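Chains, contacts and geometry: an overview
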Amino acid sequence: RVAIEDVHGAMGPQEKAIEVAALRDAGKKCLFVGDGLNDTAAMAEAHVSLAVEVGSPLATELADILWTNRELMAVPEGLNISRQTVRLLRSNLRFALCYNAIGMSVAAAGWLHPVFAAVLMLTSSLFVTLRGARLAGQDEQADLGSRRSERSEPQSTPNHGFDARHPCGKTPVT
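Residues numbered from 1 in each chain as written. Predicted model: local features only at pLDDT ≥ 70, side-chain atom pairs only at ≥ 80, totals over all residues. Heavy atoms only, no water.

**Details of the overall build of the protein chain**
A tally of helices and strands in the protein chain yields 5 helices and 4 strands. Ordering the α and β elements of the protein chain from the N terminus gives α-β-α-β-α-β-α-α-β. Looking at the protein chain residue by residue over its 174 residues, the buried ones come to 25%. Looking at the protein chain alone, contacts between residues at least 24 apart form 41% of all its contacts between residues at least 6 apart. In the structure as shown, the protein chain presents an accessible area of about 12000 Å², 62% of it carried by carbon and sulfur atoms. (Helix = DSSP H or I, 4+ residues; strand = E, 2+ residues; numbered from the N terminus. Buried < 20%, exposed > 50% of the residue type's maximum accessible area, 1.4 Å probe, protein only. Contact = heavy atoms within 4.5 Å. Areas by Shrake-Rupley, 256 points an atom, 1.4 Å probe, with all protein chains shown as cover.)

**Re the pattern of salt bridges**
Counted by the stated rule, this structure contains 3 salt bridges. Put simply, R24 and D25 hold a salt bridge, and the shortest N to O gap is 3.5 Å. Here the salt bridges do not stand alone but share partners, grouping R24, D25 and E45 into one network. (Salt bridge = Lys/Arg side-chain N within 4 Å of Asp/Glu carboxyl O.)

**Remarks on the pairing of strand β2 (residues 48-52)**
Bridge count for strand β1 (residues 31-34) against β2 is 4 bridges, and the pairing is parallel. Residue pairing for β2: F32 is matched across the bridge by S49. On the question of chirality, the crossover connecting β1 to the parallel β2 by way of helix α2 (residues 40-45) is right-handed. Looking at chain direction, β2 and strand β3 (residues 65-67) are connected through 3 bridges and run parallel. Note that in β3 the partner of A51 across the bridge is L66. Crossover handedness for the path β2 to helix α3 (residues 57-62) to β3: right-handed. (Pairing = 2+ DSSP bridges. Right-handed = clockwise from strand over helix to strand, strands pointing away.)

**A word on the side chain of T60**
Topologically, T60 is positioned in helix α3. Polar side-chain contacts of T60 include one of 2.9 Å to the backbone oxygen of P57. (Polar contact = N/O pair within 3.5 Å; in protein donor to acceptor, adjacent residues only side chain to side chain.)

**Things to note about the nonpolar core**
Core analysis: the biggest nonpolar cluster contains 9 residues, these being V20, C30, F32, A42, M43, A46, A51, A59 and A63. What V20 contacts, discounting residues up to four positions off in sequence, is C30, F32, A42, E45 and A46. (Core = buried A, V, L, I, M, F, W, Y, C linked by side-chain atoms within 4.5 Å.)

**A word on the packing of aromatic side chains**
The way to describe two aromatic rings as a pair is by their centre distance and the angle between their planes. Taken as a whole, this structure holds 2 aromatic pairs when the rule is applied. A centroid spacing of 4.6 Å and a plane angle of 50° characterise the contact between F95 and F127, whose relative ring orientation is tilted. Of this pair, F95 sits in helix α4 (residues 74-108) while F127 sits in helix α5 (residues 114-149); the two residues are 32 residues apart in sequence, bridging distant segments of the chain. Among the residues examined, F127 registers a relative accessible area of 38% and is labelled partly exposed. Ring-pair connections join several aromatic residues into one group, and the members of that group are F95, Y99 and F127. (Phe/Tyr/Trp six-rings, centres within 6.5 Å; stacked < 30°, edge-to-face > 60°.)

Written as structure tokens, this is what we have:
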């Protein structure tokens, strides 16, 4: 589920840009999905912009995310995956901070042999890595399920139709 509070349609290019700017000025984070030249002003104003791959070249270059999937449900699915990723990152950082603070204190007090301290640090890194891999495994399972339901154009990588780009919009990151 995506919490979309307000949807606008049938607007001109300037109206779109003004609406997005008003949302931004009100402290809201706006995702703008566009495909044409008339969407570029609003895409530039948005917090995050998403363009359809078959859209105008200017829109696809300006966009933060390039949508390569034909399925509309890829947008909320991508948002949900990104939210899960951020939650996991924050959780891992909290765990690592606490674990390492306690471990460093015990080691600095001389109560922990240096070799054992190194093993504990390795265990901490392994734990964080395995938690991240678990999220990636869930992502692959979801992608395999969607591929089974639409066998027409299978993708080689589980990217859910998104091509995340470098902030300058030039370098694809996979």
